[in-house]
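Here's the letter readout for the chains.
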Amino acid sequence: MKYRYDFHLHSCLSPCGDNDMTPYNLVNMAKIMGLDVIALTDHNTALNCPAAVKAGEEAGILVLPGMELCVSEEAHIVCLFGETEAALEFSRCVEERIPDIPNRPEIFGEQRLMNGEDAVTGLYEKLLLTAADISVEEVRPLVDSYDGLCFPAHIDRDSYSVISALGAFSAAWGFTAAEMTRDADAAAYIERYPVLEGLRILRSSDAHYLENIGCAGGELELNCLKWESIVCSLTKKE
């Protein structure tokens, strides 16, 4: 059965995320847009994921806790987890490996922490837009150790993608999936980078605003709408 997904969404905790992107709002906008499963992937943190997972349970939509990790090469990797606590443990690991640079909300925007009632509980003080002291080669085994899965984000973009940062896509990194933007020509990229052949190509929105949620139109063929089935789909070769 086909399920509609968006595995790359930012909440108001991401400094570039709109303040209207609260966990409750983004989950329910995803429901309005007819999505079946989404992932909250704020920059370098998973601290708003518990609120989003709770909102998903109430709305009847599967919410995967996750993160958009910025690795030391200045490339973005989407990391997803089946359990909220695993995502939070990974988040604590990443927090220790990002620079201790304070956020400047007048420049980057506020980094709002939210609870399950969609109320602001505080502001995250450390800037979340910096690169973690984690290389692209380390990501797959590190995420595996938390029973998660990961894939490079928006590989067709000219900034913050593994291809733009490193000029190549290596099989040695161990990825079994990769994300492209909605209008990217997957066939052209596979011809240019043959290592992409057989990888699951995903299309997610990278939404920072409510109106962009679900715009990439991604669909997955799954046996059932459960984490285990998603893992199977994203880790097997096509």
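Relevant structure appears above.
Quick summary incoming for the structure in this document. Please read all numbers here as calculations on a predicted model, not as lab measurements.

1. Here's the deal with the overall build of the protein chain
Then comes step 1: What the protein chain contains, in helices and strands, is eight helices and 10 strands.
Then comes step 2: Its C-alpha atoms give the protein chain a radius of gyration of 16 Å, near enough to 18 Å, the size a compact globule of 238 residues would have.
Then comes step 3: Across its three principal directions, the C-alpha atoms of the protein chain cover 45 × 40 × 30 Å.
Then comes step 4: A buried classification covers 55% of the 238 residues belonging to the protein chain.
Then comes step 5: Taking as baseline every contact in the protein chain between residues at least 6 positions apart, the subset at least 24 positions apart corresponds to 71%.
Then comes step 6: With an accessible surface of roughly 10,200 Å², the protein chain has 49% of that area assigned to carbon and sulfur atoms.
Then comes step 7: Taking the average place of the 18 positive charges on the side chains of the protein chain and the average place of its 39 negative ones, the gap between the two points comes to 4 Å.

2. Some thoughts on the environment of Glu-83
Then comes step 1: With respect to the secondary-structure elements, Glu-83 resides in the loop between β4 (76-81) and α3 (84-95).
Then comes step 2: Assessed through its relative accessible area of 56%, Glu-83 is described here as exposed.
Then comes step 3: Spatially, the C-alpha atoms of Glu-83 and Tyr-146 are 9.4 Å apart, while their sequence positions differ by 63 residues.

3. Section: unusual backbone geometry
Then comes step 1: Of note in this structure, Asp-118 is not a glycine but carries a positive phi near 65°.
Then comes step 2: If you trace the backbone, Asp-118 turns up in the loop between β5 (112-114) and β6 (120-123).
Then comes step 3: On the basis of relative accessibility, which here comes to 22%, the residue Asp-118 falls in the partly exposed class.
Then comes step 4: One non-glycine residue, Asp-206, lies in the positive phi region at around 55°.
Then comes step 5: By the element assignment, Asp-206 lies in the loop between β9 (200-203) and β10 (218-221).
Then comes step 6: Taking the relative accessible area as the measure of exposure, Asp-206 reaches 10% and is therefore buried.

4. Observations regarding the sheet that holds strand β3 (residues 62-70)
In sheet architecture, strand pairing relies on hydrogen bonds along the backbone and comes in two forms, parallel and antiparallel.
Then comes step 1: Strands sit in the order β7-β4-β3-β2-β1-β10 across an open sheet of six strands; the sheet is mixed. Every other strand in the sheet has two partners, leaving β7 (148-152) and β10 as the edge strands with one partner each. Strand-to-strand, the axes of this sheet are offset by a mean angle of 30°, without reference to chain direction.
Then comes step 2: Judged from the five bridges that link them, β4 and β7 form a sheet pairing that is antiparallel.

5. Here we look at the packing of aromatic side chains
Aromatic rings in a pair are described by how distant their centres are and how their planes are angled relative to each other.
Then comes step 1: Evaluated as defined, the whole model comprises seven aromatic pairs.
Then comes step 2: With centroids separated by 5.5 Å and ring planes inclined at 75°, the aromatic side chains of Phe-90 and Tyr-146 adopt a geometry described as edge-to-face. Residue Phe-90 is located in helix α3, and its partner Tyr-146 is located in the loop between α5 (136-144) and β7; the two are separated by 56 residues in the primary sequence. Of the two residues examined, Phe-90 and Tyr-146, each falls in the buried class.
Then comes step 3: Considering the side-chain rings of Tyr-189 and Tyr-193, the 6.3 Å spacing of their centres and the 25° angle between planes classify their relative orientation as stacked. With respect to burial, Tyr-189 and Tyr-193 carry one shared label: buried.
Then comes step 4: By the ring-pair criterion, three or more aromatic residues cluster together here, those being Phe-81, Phe-90 and Tyr-146.

6. Section: α5
Then comes step 1: Among the residues of α5, those classed as buried are Val-136, Val-139, Leu-142 and Val-143. Each buried residue of α5 lies within a common arc of 105° when the element is viewed along its axis, so the set occupies one face.
Then comes step 2: Contacts made by the buried residues of α5 are with β3, β4, α3, β7 and α6 (162-166).

7. Points about the state of the cysteines
Then comes step 1: Tallied over the entire structure, the rule returns zero disulfides.
Then comes step 2: Here Cys-49 stays unpaired: no disulfide links it, and the sulfur of Cys-79, its closest cysteine neighbor, is 11 Å away.
Then comes step 3: For Cys-49, a relative accessible area of 1% puts it in the buried group.
Then comes step 4: Unpaired in this structure, Cys-224 has its nearest cysteine sulfur neighbour in Cys-232, at a distance of 9.9 Å.

8. With respect to a nonpolar patch on the surface
Then comes step 1: A surface patch of nonpolar side chains, about 240 Å² in accessible area, is lined by Ile-107, Phe-108 and Leu-129.
Then comes step 2: Considering the arrangement of structural elements, one finds Phe-108 in helix α4 (residues 105-108).
Then comes step 3: Exposure remark for Phe-108: the relative accessible area of 33% places this residue in the partly exposed category.

9. Let's talk about the nonpolar core
Soluble globular proteins tend to pack their nonpolar side chains together in the buried interior.
Then comes step 1: Among the nonpolar cores identified, the biggest contains 58 residues, and Leu-69, Phe-90 and Phe-169 are the most heavily contacted of them.
Then comes step 2: Filtering out sequence-adjacent residues up to four positions away, Leu-69 remains in contact with Asn-44, Ala-75, His-76, Ile-77, Cys-79, Phe-90, Val-94, Ala-132, Ile-134 and Val-139.

Criteria and cut-off values
- Residues numbered from 1 in each chain as written.
- Predicted model: local features only at pLDDT ≥ 70, side-chain atom pairs only at ≥ 80, totals over all residues.
- Heavy atoms only, no water.
- Helix = DSSP H or I, 4+ residues; strand = E, 2+ residues; numbered from the N terminus.
- Rg over C-alpha atoms; globule rule 2.2 N^0.38 Å.
- Buried < 20%, exposed > 50% of the residue type's maximum accessible area, 1.4 Å probe, protein only.
- Contact = heavy atoms within 4.5 Å.
- Areas by Shrake-Rupley, 256 points an atom, 1.4 Å probe, with all protein chains shown as cover.
- Lys, Arg positive; Asp, Glu negative; His and termini not counted.
- Charge placed at Lys NZ, Arg CZ, Asp CG, Glu CD.
- Pairing = 2+ DSSP bridges.
- Axes fitted to C-alpha atoms, helices over the stretch in contact; angles between N-to-C directions.
- Phe/Tyr/Trp six-rings, centres within 6.5 Å; stacked < 30°, edge-to-face > 60°.
- Arc of directions from axis to C-beta.
- Disulfide = S-S within 2.5 Å.
- Patch = residues over 30% accessible without salt bridge, like charges linked within 9 Å, V, L, I, M, F, W, Y side chains within 5 Å.
- Salt bridge = Lys/Arg side-chain N within 4 Å of Asp/Glu carboxyl O.
- Core = buried A, V, L, I, M, F, W, Y, C linked by side-chain atoms within 4.5 Å.

Function cannot be read off these values alone, since they describe shape.
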